[in-house]
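Commentary on secondary and tertiary structure
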Amino acid sequence: MCGIIGYTGRREAVDILLDGLEKLEYRGYDSAGVAVVSEEGTLAVQKSKGRLKVLKEQLAAMPPLAGTTGIGHTRWATHGEPNDLNAHPHVSEDGRVAVVHNGIIENYIEIREFLTRQGIEFRSETDTEVVAQLMQYYLREYTDIMDVVYAVLHRIEGAYALGILCGDAPGQIIAARKDAPLLIGYGEGENFIASDVTALLAHTRKVSYMEDGEVAVITPDSVEVYDIDRIPLKKEIHQVEWDVSAAEKGGYPHFMLKEIMEQPEAVRKTISPRLRDGRVWFDEMAGREDFFDGIKRVAVTACGSAYHVGMLGKYMLEKLLKLPVEVSIASEFRYSDPMVDGETLVIVISQSGETLDSLAALREAKKRGAKTLAIVNVIGSSIAREADMVFYTWAGPEIAVATTKAYSTQIVLLLLAGLYWADRKGSISGEEYQELIDGLLALPDQIQEILDRVDDYQETASRYFNHDSVFFIGRNLDHALGLEGSLKLKEISYIHSESYAAGELKHGTISLVEPGTLVVALATYGPLFEKTRSNIVEVQARGADVVALVTEDRADALPEGVNGIFVIPKTHPLLQPNLGVVPLQLFAYYVALHRGCDIDKPRNLAKSVTVE
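A short tour of the structure in this document, coming up. (Residues numbered from 1 in each chain as written. Predicted model: local features only at pLDDT ≥ 70, side-chain atom pairs only at ≥ 80, totals over all residues. Heavy atoms only, no water.)

1. Details of the overall build of the chain
Rules: Strands are runs of DSSP state E lasting at least two residues, helices are runs of H or I lasting at least four, and both sets are numbered from the N terminus onward. The globule rule used for comparison is 2.2 Å times the number of residues to the exponent 0.38, while the radius of gyration itself is calculated over C-alpha atoms. Residue burial is assigned from relative accessible area. The probe radius is 1.4 Å, only protein chains are included, and a residue is buried under 20% of its type maximum, exposed over 50%, and partly exposed in between. Note on contacts: a residue pair is in contact if any heavy atoms of the two residues lie within 4.5 Å. To be clear on the numbers: accessible area is Shrake-Rupley with a 1.4 Å probe, and residue cover counts the displayed protein chains and nothing else. Counted as positive: Lys and Arg. Counted as negative: Asp and Glu. His and the chain ends are not counted at all. Every charge is mapped onto a representative atom, which is NZ of Lys, CZ of Arg, CG of Asp or CD of Glu.
On a plain count of helices and strands, the chain comes out with 17 helices and 27 strands. For 612 residues, the compact-globule estimate of 2.2 N^0.38 gives 25 Å, and the C-alpha radius of gyration of the chain, at 25 Å, lies within 12% of that figure. With 612 residues in all, the chain has 62% of them scored as buried. Contacts in the chain between residues at least 24 apart in sequence constitute 72% of all its contacts with a sequence separation of at least 6. Split by element, the accessible area of the chain, about 22600 Å² in all, is 48% carbon and sulfur. Of the charged side chains in the chain, 61 are positive and 89 negative, and the gap between their average positions amounts to 2 Å.

2. Thoughts on the sheet that holds strand β10 (residues 191–194)
Note the cut-off: Strands were regarded as paired on the criterion that DSSP finds at least two bridges between them. Helix axes are fitted only over the stretch in contact, all axes being lines through C-alpha atoms; the angle between N-to-C directions runs from 0 to 180 degrees.
Judged by pairing direction, the sheet is antiparallel, and its eight strands sit side by side in the order β3-β2-β4-β1-β10-β9-β11-β15 without closing on themselves. Every interior strand has two partners, whereas the edge strands, β3 (43–49) and β15 (238–239), have only one. Sheet topology note: the strand β2 (residues 31–37)/strand β4 (residues 69–75) ladder contains seven bridges and is antiparallel. Within the sheet, the bridge partner assigned to Ser31 lies in β4 and is Arg75. Together, β2 and β3 form the strand contacts of helix α2 (residues 52–60), whose direction differs from that of β3 by roughly 135 degrees.

3. Overview of helix α3 (residues 108–117)
In an α-helix, one turn spans 3.6 residues; hence positions three or four apart end up facing the same way. Cut-off, in case you're wondering: This arc corresponds to the set of directions leading from the helix axis out to the C-beta atoms.
What α3 keeps buried is the set Tyr108, Ile111, Phe114 and Leu115. End-on, the buried residues of α3 take up no more than an arc of 125 degrees, which puts them together on one face. Residues of α3 that are buried make contact with β6 (97–105), α4 (129–139) and α5 (145–155).

4. Quick word on the sheet that holds strand β25 (residues 518–523)
Adjacent strands of a sheet pair through backbone hydrogen bonds, lying either parallel or antiparallel. If you walk across this open sheet you meet the five strands as β24-β23-β25-β26-β27, and the pairing is parallel. Edge positions in the sheet fall to β24 (496–501) and β27 (564–568), since each of these pairs with one other strand and no more. Taking each pair of neighbouring strands and ignoring which way they run, the sheet shows an average axis angle of 15 degrees. Relative to β25, strand β23 (residues 469–474) is paired through four bridges, and the arrangement is parallel. Counted as the bridge partner of Ile473 is Ala521 from β25.

5. Some thoughts on the packing of aromatic side chains
Rule in force here: Between rings of Phe, Tyr and Trp, where Trp is taken as its six-membered ring, a pair exists when centres lie within 6.5 Å; planes separated by under 30 degrees are stacked, by over 60 edge-to-face, and by other angles tilted. Whether a charge lies above a ring is judged from NZ of Lys or CZ of Arg, which has to be within 6 Å of the ring centre and within 35 degrees of the ring normal.
A full pass over the atoms with the stated rule returns 15 aromatic pairs. A centroid spacing of 4.5 Å and a plane angle of 15 degrees characterise the contact between Phe292 and Trp421, whose relative ring orientation is stacked. One end of the pair, Phe292, is in the loop between β17 (279–280) and β18 (297–302); the other, Trp421, is in helix α12 (residues 405–425), and 129 residues separate them in sequence. A relative accessible area of 3% means that Phe292 is categorised as buried. Taking relative accessible area as the criterion, Trp421 reaches 5% and is therefore assigned buried. Centre to centre, the rings of Tyr392 and Trp394 are 5.4 Å apart; their planes meet at 45 degrees, and the pair counts as tilted. Cation over ring: Lys371 sits above Phe291, and NZ or CZ is 5.0 Å from the ring centre.

6. Focus: empty space enclosed by the protein
Rules: The distinction between a cavity and a pocket rests on a 1 Å grid over the protein atoms alone: a 1.4 Å probe fits inside a cavity but cannot get out, while a pocket stays open yet meets protein on both sides within 12 Å along at least five of seven lines, and a residue with an atom within 4 Å of a point counts as lining. Grid points are joined across faces, edges and corners, and a volume is the space filled by probe spheres set on the points. Any residue outside Ala, Val, Leu, Ile, Met, Phe, Trp, Tyr, Cys, Pro, Asp, Glu, Lys and Arg is labelled polar, Gly included; the first ten of those are nonpolar and the last four are charged.
On inspection of all chains with the given rule, the structure shows two cavities of 30 Å³ or more. If you add up the space inside the largest cavity, you get close to 90 Å³. Arg75, Thr78, His88, Gly103 and Asp127 are, among the twelve residues lining the largest cavity, the residues nearest its centre. The class makeup of the residues in the lining of the largest cavity is three nonpolar, seven polar and two charged.

7. A word on the environment of Gly342
Here Gly342 is to be found in the loop between α9 (330–333) and β20 (344–350). In this structure the C-alpha to C-alpha distance between Gly342 and Lys296, which are 46 residues apart in sequence, comes to 9.3 Å.

8. Focus: the packing of helix α15 (residues 477–493) against helix α17 (residues 576–594)
The description of two packed helices rests on the angle between their axes and on the distance between the axes. Heads up, the condition is: In these notes the angle categories are as follows: under 35 degrees is roughly parallel, over 145 is roughly antiparallel, 65 to 115 is roughly perpendicular, and the rest is oblique. For a crossing to be left-handed, the near helix must be turned anticlockwise from the far one by less than a right angle; the clockwise case is right-handed.
Following both chains from N to C, one finds α15 and α17 inclined at 20 degrees, their axes separated by 9 Å at the closest point. Considered as vectors, α15 and α17 are oriented roughly parallel to each other. α17 is crossed by α15, and the crossing has right-handed handedness. Only Pro577, Gly580, Val581, Leu584, Ala588, Tyr589, Val591 and Ala592 of α17 make contact with α15, whose side of the interface consists of Leu477, Leu481, Glu484, Gly485, Lys488, Leu489, Ile492 and Ser493. Of the residues that constitute the contact of α15 with α17, the class distribution is eleven nonpolar, three polar and two charged.

9. Quick look at the pattern of salt bridges
Rules: A carboxyl oxygen of Asp or Glu within 4 Å of a side-chain nitrogen of Lys or Arg is what we treat as a salt bridge.
Enumeration over the complete set of coordinates arrives at 39 salt bridges. With a closest N to O distance of 3.2 Å, Lys178 and Asp179 form a salt bridge. Across the salt bridge formed by Asp445 and Arg268, the nearest N and O atoms sit 3.4 Å from each other. Of this pair, Asp445 sits in helix α13 (residues 430–451) while Arg268 is found in helix α7 (residues 263–271), placing the two residues 177 residues apart along the sequence. In this structure Asp445 comes out as exposed when scored by relative accessible area, which is 53%. Residue classification places Arg268 among the partly exposed residues on the basis of a relative accessible area of 30%. Sharing partners across several salt bridges, the network here consists of Arg177, Lys178, Asp179, Asp212, Arg363 and Glu386.

10. What about the packing of helix α8 (residues 304–321) against α15?
One can describe the packing of α8 onto α15 by two numbers: an axis separation of 8 Å at closest approach and a directional angle of 170 degrees. By the angle between their axes, α8 is roughly antiparallel relative to α15. In this structure, α8 contributes Gly304, Ser305, His308, Met311, Leu312, Tyr315 and Met316 to the contact, and α15 contributes Leu477, His479, Ala480, Leu481, Leu483, Glu484, Leu487 and Lys488. Of the residues in the contact of α8 with α15, the class split is nine nonpolar, four polar and two charged.

Shape descriptors only; they carry no functional weight alone.
See the structure below:
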């Protein structure tokens, strides 16, 4: 959610910190700040509300913050409003300690009250400041900085990724992690910490991922990592294969548009390694071909767009496997006393692999004895490491807050998993199996065909961008797809938008339809086309403007008077949502563009939600 960057080396830290924070802007934030420590142990901090450019302007107008060790942060407000005081880094009252933090310290009120009784005065409303002030408190008792850090960690409760500077140990960063992502970057005569690998790609591709309970001491020439009991650990170093250019706009005005346009290649990269001699195969299954055996029910859990993938997955997996599939929002799953056991497969879907609610749902499922499968995009992420089996989407870095290519590749990967399992289980006919394989192979080119008609979506958006409320309707797979189309529109254009099962219109929702209401009608699911057609007529009778999404073979069968039509190629019904989502993404993008919205960084939203 928030962004962390830390540097210690031979170079001046501030420029490196600002560069890293710029790469983390996509995560969503409302304030930014940096802290550096001089060789003499003097801490200097600058932070401000607003975008990173505000901080840069402030730094440019003042004497340089000198120091070759520093930490930086972009904050998404949880405790305390966005302002200069609540921005990170937070500094202890005596000025000896600076802290940046992602996550939530759950017992901060108790600690704050204790420290206040000890005479320590707080400046901010945040939960994070208690870490800096608690460090100051324990520095009275201990001389070893690591004794101080461990005392603090044993006192605080909740989730944290921490970057700590102390004037008593200049040239050193201390990092600690629990339930929030944090990684270490390795350079020559310099080392780094970051909450996301994109912040480090300009400087190093060698990283290791911190695990829960680990603490790292980082200097320009060394990295030492310890577990929660202070036992030294040897960390595996990974080579990041992502191209730096993948995290840049490449000539597009926004990352979102770039990532929409990357979908043919992203889908191809997801499919190609999993098809061999006309059959679905996962390298991850080698030696574990019996992974799905004995499963009698499936539970899918996720958040946001990944939850919408799960809704599509319910229809797909039940048809392919003939097993019951339940879909739950992860934040509800973990608290609902879920009925899962050793005969249940729990599928956790997450782009970042760090979504806190999804990670907690995974842990709850494992605690109850269920098998777990993760579908994620980020290699080495927490969910990927903790699941019994992980399938990566290989979508590449996704920078825009509103997901596009990650969503599309998650759908494909879930279908591939279902095909593999159904083939082994014998629950799919050879004819349908081959039809789906052929459809998967054709999918990238069909997506490109849709993208080649981008003017259609831009023109329609230009007519409807000024609406205040929009309804999406559809049936079966189209209903699940409508959830994502509606979310895309609302999250980047700020238009109120809701998605309904078309058959539910007459049970209350149709009372909201009045002359001029925009209804986006999804009519791509062939078996229920006539039913959806009738629903279109119903809303037209109440004066609604209708934009219809339809397959090319049924475009002429839509009711007269439809105000706009998005036509997509026909494919197997289970693959149709992969094509149908593309016009909805483009429509949302161009509506937001016409409204002048900050498309890549919509207000109040973050890319990776690592707090409850």
